[in-house]
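# Architecture and fold: a report
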Amino acid sequence: MKFIIEKNIPFIHGLLEGMADVEYLAPEEITPEKMRDADALITRTRTRCNASLLDGSRCRFIATATIGTDHIDLDYCRDRGITVANAPGCNAPAVAQYVFASILAYRKAFGQVEDATGVEGGVSGLSNVTLAVVGVGNVGSIVARWGEGLGMRVLRVDPLRARDEGPDGFSTLADAAREADIITFHTPLTRSGSYPTYHMADAAFFSSLKRRPLIINSARGPVVDNVALVEAIDNGSVGAAAIDCWEGEPAISSELLDRAFIATPHIAGYSREGKIRATSMALDAISRFFALPPVSPSETVGFPIPEHPSADEIASSYDPLADTAALRLNPSAFEALRNGYNYRGEVR
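No experiment lies behind these values; they were computed from the predicted model shown.

Here we come to the packing of helix α4 (residues 92–109) against helix α6 (residues 138–149). Direction vectors running N to C along α4 and α6 enclose 45°, while the axes themselves pass 9 Å from each other. Comparing their axes, α6 and α4 come out oblique. Helix-helix and strand crossings are classified by hand; for α4 and α6 the assignment is right-handed. For the pair formed by α4 and α6, the contact residues are A92, P93, V95, A96, Q97, V99 and F100 on the first element and N138, V139, I142, V143, W146 and G147 on the second. Across the contact of α4 with α6, the residue classes break down as 10 nonpolar, three polar and no charged.

Written out as structure tokens, the structure is:
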């Protein structure tokens, strides 16, 4: 057998050798020619897994060491009998850390709390804040729980869950536009179905905002219309933006980069623990599919996810302004900053 593995996936090198012919490639090196005699691919979001890449290949298994699968043509893979595995929830605590570190940095910068953590561990500083969490899956559920633990009023916006579970406990996007001081997006990227998320935050949405909220996107770039967001910041509909996921990555909008309060190179989920989880899940999936002996990274994750960390614990664990400064200094290094990121520790 032959396995192609994206070389930037951490904690995976050397673990599958001896079970297959393994080749590590940069995303741009994963070509139809390389895939032609490959039985499996382990990748991340930069590789488009579709007919252009896979027609004529003998590939029958793809694992992505990411939560999202929008870079994979799932219909094509299903029709071709290619099994797809992802890593749901692998980086959820890290994204929650990013969200609240961004919120605390924003409130400190705009004089809304006495210091980075507020009073009494941040609860007093956040108790008058309404947070809308759009998409309440693995990531959004943790964000909502941590927000309530910090004393915030939380609106859970998830029309799919509201449809399936009933509306009790859920709010609408219109509620968020009307009532929220902070709106954070945690949806997959979908372009069809009952509730597509492509450009769900568009010009019409921004024009409906009532409280000049902080907008946070650590989901997928095209969930937020970047051009419309720039206009909304300029006309005052949006108070500030924290952007980790961008349209057109790695060629990001210079206008949005200039205006965003926090601007980072798609690293919200880049914790050491999250990367170990993602690699472990990809390895488990490929081992099950090919009936291989189980293998795992030499490092394992044994730290529980906090129920609701304090503002002090969050603020001291990560500073998104440092990553913002690095991206602003050299925007063309987006991919290098992302691939060479020094994985941070999660909140404990």
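On we go from here.
Backbone hydrogen bonds hold the strands of a sheet together, and the pairing may be parallel or antiparallel. Strand order in the open sheet formed by six strands is β7-β6-β8-β9-β10-β11, and the pairing between neighbours is parallel. This sheet does not close on itself; its edge strands, each paired only once, are β7 (153–157) and β11 (262–263). With four bridges connecting them, strand β8 (residues 182–185) and strand β9 (residues 214–217) associate as parallel partners. Across the sheet, T184 pairs through a bridge with I216, a residue of β9.

So, on to unusual backbone geometry. At the junction of E249 and P250, the peptide bond is cis and its omega measures out at 5° in the coordinates. By the secondary structure assignment, P250 is in the loop between β10 (240–243) and α11 (254–259). A positive phi angle is found at F11, which is not glycine, with a value near 65°. Note on placement: F11 falls in the loop between β1 (2–6) and β2 (21–25). For F11, a relative accessible area of 22% puts it in the partly exposed group.

A few words now on the environment of V134. Mapping V134 onto the fold places it in strand β6 (residues 130–134). Residue classification places V134 among the buried positions, given a relative accessible area of 1%. Separated by 38 residues in sequence, V134 and T172 have C-alpha atoms that sit 8.9 Å apart. Beyond its immediate sequence surroundings of up to four residues, V134 is in contact with V157, L173, I183, T184, F185, H186, T187 and M200.

Now for the nonpolar core. A general tendency of soluble globular proteins is for nonpolar side chains to be buried together. By size, the foremost hydrophobic cluster in this structure holds 39 residues, and its most contacted members are F100, I103, L131, V143, M152, I182 and I314. Sorting the residues of this core by element identifies α4, β6, α6, β9, β10 and α13 (311–317) as the ones contributing at least two each. Counting residues per element, this core draws most heavily on α4, which supplies 11 residues. In this structure I314 touches Q97, F100, A101, L104, W146, L150, P309 and V347, once residues within four positions along its chain are discounted. Counting 35 residues, the second largest nonpolar core, distinct from the first, contains L189, M200, F206 and L229.

Its 12 residues place the ends of α6 17 Å apart at the C-alpha level, agreeing with the 16 Å of an ideal helix rising 1.5 Å per residue. Those residues of α6 that sit buried are V139, G140, I142, V143, A144, W146 and G147. Close packing links the buried residues of α6 with α4, β6, β7, β8 and α13.

Attention shifts here to the pairing of β1. Counted residue by residue, β1 has five buried out of five residues, so it is predominantly covered. Alignment of β1 against strand β3 (residues 40–43), held across three bridges, turns out to be parallel. In the sheet register, I4 faces β3, and the bridge partner there is L41.

A full pass over the atoms with the stated rule returns 21 salt bridges. The partner of R44 in a salt bridge is E6, and the shortest N-O contact between them spans 3.2 Å. Note that R44 is positioned in the loop between β3 and α2 (51–54) and E6 in strand β1, a separation of 38 residues in sequence. D75 is the partner of R78 in a salt bridge, and the nearest nitrogen-oxygen pair spans 2.2 Å. Of this pair, R78 and D75 both sit in helix α3 (residues 74–80), separated by three residues, roughly a single helical turn. Residue classification places R78 among the exposed residues on the basis of a relative accessible area of 55%. Beyond isolated ion pairs, a larger network of salt bridges with shared partners links K2, E23, K34 and D37.

About the thresholds
- Residues numbered from 1 in each chain as written.
- Predicted model: local features only at pLDDT ≥ 70, side-chain atom pairs only at ≥ 80, totals over all residues.
- Heavy atoms only, no water.
- Axes fitted to C-alpha atoms, helices over the stretch in contact; angles between N-to-C directions.
- Helix = DSSP H or I, 4+ residues; strand = E, 2+ residues; numbered from the N terminus.
- Parallel < 35°, antiparallel > 145°, perpendicular 65-115°, else oblique.
- Left-handed = near helix turned anticlockwise from the far one by under 90°.
- Contact = heavy atoms within 4.5 Å.
- Nonpolar A, V, L, I, M, F, W, Y, C, P; charged D, E, K, R; others polar.
- Pairing = 2+ DSSP bridges.
- Buried < 20%, exposed > 50% of the residue type's maximum accessible area, 1.4 Å probe, protein only.
- Core = buried A, V, L, I, M, F, W, Y, C linked by side-chain atoms within 4.5 Å.
- Expected span 1.5 Å × (residues − 1).
- Salt bridge = Lys/Arg side-chain N within 4 Å of Asp/Glu carboxyl O.

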